[in-house]
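Listed below, chain by chain, are the residues.
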Amino acid sequence: MSVVTPTGPRTTITAALTDLLFTPGLDLDTAIERHFTPDYRQRTDGTWADLAGFTEHIRHLRAVVASGRIEVHDELAVGDRSADRHVVEVVKTDGARVRMEVYLFAEHGPCGRFRRIEETTLLLDGDEADRDLGSAR
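Residues numbered from 1 in each chain as written. Predicted model: local features only at pLDDT ≥ 70, side-chain atom pairs only at ≥ 80, totals over all residues. Heavy atoms only, no water.

### As for the packing of helix H2 (residues 28-35) against helix H3 (residues 51-64)
Next up, step 1: Interaxial distance between H2 and H3 falls to 11 Å at its minimum, and their mutual angle equals 130°. Here H3 runs oblique to H2, going by the angle between their axes. The crossing of H2 and H3 is right-handed. Where H2 approaches H3, its residues Leu28, Ala31 and Ile32 are matched on the opposing element by Leu51, Phe54, Thr55, Ile58, Arg59 and Arg62.
Next up, step 2: The class makeup of the residues in the contact of H2 with H3 is six nonpolar, one polar and two charged. (Axes fitted to C-alpha atoms, helices over the stretch in contact; angles between N-to-C directions. Helix = DSSP H or I, 4+ residues; strand = E, 2+ residues; numbered from the N terminus. Parallel < 35°, antiparallel > 145°, perpendicular 65-115°, else oblique. Left-handed = near helix turned anticlockwise from the far one by under 90°. Contact = heavy atoms within 4.5 Å. Nonpolar A, V, L, I, M, F, W, Y, C, P; charged D, E, K, R; others polar.)

Put into structure tokens, the structure is as follows:
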């Protein structure tokens, strides 16, 4: 396997989630374009989505998430690939709190934006109904 290094600055999951969910007023299309390639694909807990499906997912989350934060615990990057383990904590618009641990593997395009993410989520705290928050639409 050859190692390809992105020519642009590599985006991070912290930067992407901050723009997508925790920066009120930032246009969704602007946030998506900043961090994801047009051919982006994501698999969360076994379910694939293309860029349109992912955008629909984020639009849904923007309607139910009031605030939150992300904490990266482990991270590794080599060439155009990266992996991390992070915890996302959100406060929903109804006041409920959710904590999820995420194991993420990513491929970045030459521009440094995410081209593909495959992730598995684990509900740490929250209502059982929030278990699919990582892929809800």
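Once you've had a look at it, read on.
### Some points on the packing of helix H1 (residues 13-21) against H2
Next up, step 1: Contact geometry of H1 with H2 gives a least axis separation of 9 Å together with a crossing angle of 170°. In terms of orientation, H1 and H2 fall into the roughly antiparallel class. Taken together, the residues of H2 that come into contact with H1 (itself represented by Ala15, Ala16, Asp19 and Leu20) are Leu28, Ala31, Ile32, Arg34 and His35.
Next up, step 2: Residues belonging to the contact of H1 with H2 are distributed by class as follows: six nonpolar, one polar and two charged.

### Some remarks on the sheet that holds strand E4 (residues 81-92)
Next up, step 1: With respect to topology, six strands assemble into an open sheet ordered E2-E1-E6-E5-E4-E3, the strand pairing being mixed. This sheet does not close on itself; its edge strands, each paired only once, are strand E2 (47-50) and strand E3 (65-78). Going from strand to strand, the sheet's axes swing by 20° on average, the running direction of each strand aside.
Next up, step 2: For E3 and E4, the ladder comprises twelve bridges, and the chain directions are antiparallel. Opposite Ile70, over in E4, you have Val88 as the bridge partner.
Next up, step 3: Across the sheet, H1 lies against strand E1 (36-44), E3, E4, strand E5 (97-108) and strand E6 (114-125), angled at about 165° from E3, the strand it touches most. (Pairing = 2+ DSSP bridges.)

### What about H3?
Given 3.6 residues per helical turn, the α-helix brings residues three or four places apart onto the same face.
Next up, step 1: An ideal rise of 1.5 Å per residue puts 20 Å on 14 residues; H3 measures up with 20 Å between its terminal C-alpha atoms.
Next up, step 2: Along H3, the residues classified as buried are Leu51, Gly53, Phe54, Thr55, His57, Ile58, Leu61 and Val64.
Next up, step 3: Contact partners of the buried residues in H3: H1, H2, E1, E2, E3 and E4. (Expected span 1.5 Å × (residues − 1). Buried < 20%, exposed > 50% of the residue type's maximum accessible area, 1.4 Å probe, protein only.)

### A short note on the pattern of salt bridges
Next up, step 1: The full count for this structure, using the stated rule, is 15 salt bridges.
Next up, step 2: Linking Glu107 and Arg115 is a salt bridge whose minimum nitrogen-to-oxygen distance equals 3.8 Å.
Next up, step 3: Classification of Glu107 as buried rests on a relative accessible area of 13%.
Next up, step 4: For Arg115, a relative accessible area of 29% gives the class partly exposed.
Next up, step 5: Linking Arg131 and Glu128 is a salt bridge whose minimum nitrogen-to-oxygen distance equals 2.6 Å.
Next up, step 6: Using a relative accessible area of 52% as the deciding quantity, one classes Glu128 as exposed.
Next up, step 7: Among the charged side chains, a salt-bridge network with shared partners connects Asp39, Arg43, Glu107, Arg115, Arg116 and Glu118. (Salt bridge = Lys/Arg side-chain N within 4 Å of Asp/Glu carboxyl O.)

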